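Each chain, letter by letter, is given below.
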Amino acid sequence: MPAVNTASLPDIVFMLLFFFMVTTTMRETDLKLENPKLPSATEVQKLEHKSLVSTIYVGKSKDPARHGVGFNRIQLNDKIATAADVPAFIINSRSKVSEAEVPFMTTSIKADKESNVGTIIDIRLKLRDANALKISYSASKAVDN
Amino acid sequence: MARRENPEINAGSMADIAFLLLIFFLVTTTMNVDSGVSKKLSEKPPEDYVPPIIKEKNIFEVNINRNNDLLVEGERMDIKDLKITAMAFIDNGGGEGKIDEGVVTGPCTYCQGERSISSSDHPNKAIISVQSDRGTEYGTYLKVQDELIKAYSVLRDRLSKQRYGISFVELEESYKEDRNNLELKKKVEDIKNSYPEIISDAEPTSN
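Attention here is on the structure that accompanies the text. Just so we're clear, the structure is a prediction, and the values are computed from it rather than from any experiment.

Let us look at the side chain of B:Asp91. Residue and element names in this part refer to chain B. Inspection of the secondary structure puts aspartate 91 in the loop between helix H2 (82-90) and strand S5 (99-100). A residue is classified by how much of its surface remains accessible, and aspartate 91, at 5% relative accessible area, is buried. Of the polar contacts made by the side chain of aspartate 91, one reaches the side chain of tyrosine 195; its length is 2.7 Å. Dropping the residues within four chain positions of it, aspartate 91 is found in contact with Cys111, Gln112, Gly113, Leu155, Arg158 and Tyr195.

Below you can see the structure in the form of C-alpha cells.
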C-alpha cells in the first residue's frame, strides 16, 4: 500500500484556521468580576445587533480585598462602579452610535443569580433616569420543565 | 565555506504549525449568543403624576420575600403553580374591558376563564404587580418574571392557534422575516393587544 499523500493537509488545516481566526471575537472588556452564573429562563430572546448592546455586569469581585465580598459589585466597561455611574456609562455608549440608532439600543444586565434584587433595581432606576428603557436580563436558555 | 546549493525547504512541519495555531483559535473561540429576558421599562413619570385608581380585583399581587418565598394574592405558593394561577387571573374575563380613546373593548369574548366577578375584568385591565425585597435573590426574581411571561405566551399561543391556526411564536417569526407584510403585522398586533403583557414592578421593600 502506498503512503497516503498528505501534501494537501496543510491547506485543509489552514482553511480551518482562517475560519476560526475570522470568527473569533476577543473579549473587549476584561472582567473584574467572576464570570456571572446566569440564571436560566425559558422565555429568552436573542439579542440582535451587538453594536447596539451595552452590557452591565453584576456579580462577585475577583479581588475581594479591594472591592469587598458579596455578589453586588457592578462593572461598567472595565471598572468596578456604583449605580450612580450608570447614566454616564449610558450616555457614553450612546455617543458611539449614530443618533438614528439610539432608540434601538438595549442594555443587557448580566447578573449573577445570587446577586440581590436591590442592586438590579438601583440600576434600573438609573437606566430609567437616563431614558434607556430597553433592557434585557441576560439568562441562559432553559429546557421547558 | 562552500556555499551549498539551496535545497527545497522542508514543508513537512507546516501542518504542525498550522495545527498549533488552529488549536489555539479553537480553544479561544467562544460562540456564545447573548440571550435574555427582554423588558421595557416605563418612562419616568412627571413630578405631579397621580397614579390612576385601579380596582383591587384587577391587580394580581406577587410578593417575594428575602428568603425567596412567594406570596401570591396573600397566600403562600410554590413557584411551579405560579403560571397556572396567573393564567387563571389574566384569562378570567369577569367584566368589561377598558375604554381606550373612546373605543370600548367590552367583555372579553375570547377568554376561557371562570368569569368570576372577584377576579380580573379583562386581560387588558389585568395588572400583575411584582414586589420583591431588596435582599431577594436575583435568580428567584427572574424565575418569577419568566413564569409570568410564560403565562402570557401560553394564552397568546392559544388565541393565535384559535384565530389563525398557527402558534404565536411562529406568527411572530414569520413577521420578523417579512416586516413589510401588513397582514401579518395586523395579526401580531391583534394577539398582542388581546393579551397585553402588563407586569409592573412595585417599589421594593427593605428592612
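Before going further, it helps to examine the sheet that holds strand S7 (residues 134-138) of chain A. If you walk across this open sheet you meet the 7 strands as S2(A)-S1(B)-S7(A)-S6(A)-S3(A)-S4(A)-S5(A), and the pairing is mixed. In this open sheet, the two strands that pair with only one neighbour each are strand S2 (45-46) and strand S5 (79-81) of chain A. Where S2(A) meets strand S1 (residues 35-40) of chain B, 2 bridges bridge the pair, whose relative direction is antiparallel. Within S1(B), the residue paired with A:Lys46 across the bridge is B:Ser35. In the packing of helix H3 (residues 86-94) of chain A onto the sheet, contacts are made with strand S3 (53-59), strand S4 (73-76) and strand S6 (106-111) of chain A, and the angle to S3(A) comes to roughly 155°. Running at roughly 115° to S7(A), helix H3 (residues 138-164) of chain B makes contact with S6 and S7 of chain A together with S1 of chain B of the sheet.

Before going further, it helps to spend a moment on a positive patch on the surface. Residues and elements named next belong to chain A. Positive charge collects at one region of the surface, where Lys32, Lys62, Arg66 and Lys79 lie side by side. Of note, lysine 79 is situated in strand S5. Owing to a relative accessible area of 56%, lysine 79 belongs among the exposed residues under this scheme.

We now examine the sheet that holds strand S4 (residues 75-77) of chain B. Residue and element names in this part refer to chain B. Spatially, the 5 strands line up as an open sheet ordered S4-S3-S2-S7-S8, and their pairing is mixed. At either end of the open sheet lies a strand with only one pairing partner, and these are S4 and strand S8 (199-201). On average, each strand axis in the sheet is inclined to that of its neighbour by 30°, with strand direction left out of account. Both strand S3 (residues 70-72) and S4 contribute to a ladder of 3 bridges, which runs antiparallel. Counterpart to leucine 70 in the pairing with S4 is methionine 77.

On the surface, a cluster of nonpolar side chains totalling about 610 Å² of accessible area is made up of A:Leu9, A:Ile12, A:Leu16, B:Phe19, B:Ile23, B:Leu26 and B:Val27. Elements with a contribution of two residues or more to the nonpolar patch: helix H1 (9-23) of chain A together with helix H1 (14-28) of chain B. A per-element tally of the nonpolar patch places H1(B) first, with 4 residues. Secondary-structure assignment places B:Phe19 in helix H1. Residue classification places B:Phe19 among the partly exposed positions, given a relative accessible area of 34%.

Take the side chain of B:Gln145 next. Residues and elements named next belong to chain B. Mapped onto the elements of the fold, glutamine 145 is located in helix H3. Glutamine 145 sits in the buried class, given a relative accessible area of 0%. At 3.4 Å, the side chain of glutamine 145 and the side chain of aspartate 201 are in polar contact. Apart from the residues within four sequence positions on either side, glutamine 145 is in contact with Lys39, Val130, Ile199 and Asp201.

Bring the parts together and some accessible area is lost; that lost area is often taken as the interface size. Taken together, the contact between chain B and chain A spans 41 residues of the former and 48 residues of the latter. Interface area for chain B against chain A, summed over the two sides, is near 4300 Å², with a carbon-plus-sulfur share of 63%. On the chain B side of the contact with chain A, B:Asp34, B:Leu41 and B:Tyr138 bury the most area, a combined 18% of that side's loss. On the surface where chain B and chain A come into contact, there are 3 salt bridges.

With 15 residues, H1(B) extends 22 Å from end C-alpha to end C-alpha; this agrees with the ideal 21 Å at 1.5 Å per step. For H1(B), every residue scored as buried is listed here: B:Ala15, B:Ala18, B:Leu22 and B:Phe25. Mapping the buried residues of H1(B) onto a view down its axis gives an arc of 90°, with all of them on the same face. Of the exposed residues in H1(B), the ones pointing more than 90 degrees away from its buried face are B:Asp16, B:Ile17, B:Leu20 and B:Val27. As for H1(B), its buried residues are in contact with H1 of chain A.

With that settled, the discussion passes to the packing of aromatic side chains. Counted by the stated rule, this structure contains 7 aromatic pairs over all chains. On the basis of an interplanar angle of 75° and a centroid distance of 5.2 Å, the ring pair of A:Phe19 and A:Phe20 is categorised as edge-to-face. Members of the aromatic cluster, each reached through a chain of ring pairs, are A:Tyr137, B:Tyr138 and B:Tyr141. In this arrangement the basic side chain of B:Arg179 is found over the ring face of B:Tyr175, its NZ or CZ atom lying 5.5 Å from the centre.

Conventions and cut-offs
- Residues numbered from 1 in each chain as written.
- Chains lettered and ligands numbered in written order.
- Predicted model: local features only at pLDDT ≥ 70, side-chain atom pairs only at ≥ 80, totals over all residues.
- Heavy atoms only, no water.
- Helix = DSSP H or I, 4+ residues; strand = E, 2+ residues; numbered from the N terminus.
- Buried < 20%, exposed > 50% of the residue type's maximum accessible area, 1.4 Å probe, protein only.
- Polar contact = N/O pair within 3.5 Å; in protein donor to acceptor, adjacent residues only side chain to side chain.
- Contact = heavy atoms within 4.5 Å.
- Pairing = 2+ DSSP bridges.
- Axes fitted to C-alpha atoms, helices over the stretch in contact; angles between N-to-C directions.
- Patch = residues over 30% accessible without salt bridge, like charges linked within 9 Å, V, L, I, M, F, W, Y side chains within 5 Å.
- Areas by Shrake-Rupley, 256 points an atom, 1.4 Å probe, with all protein chains shown as cover.
- Salt bridge = Lys/Arg side-chain N within 4 Å of Asp/Glu carboxyl O.
- Lys, Arg positive; Asp, Glu negative; His and termini not counted.
- Charge placed at Lys NZ, Arg CZ, Asp CG, Glu CD.
- Buried area = accessible area lost by both parts, 1.4 Å probe.
- Expected span 1.5 Å × (residues − 1).
- Arc of directions from axis to C-beta.
- Phe/Tyr/Trp six-rings, centres within 6.5 Å; stacked < 30°, edge-to-face > 60°.
- Lys NZ or Arg CZ within 6 Å of the ring centre and 35° of its normal.

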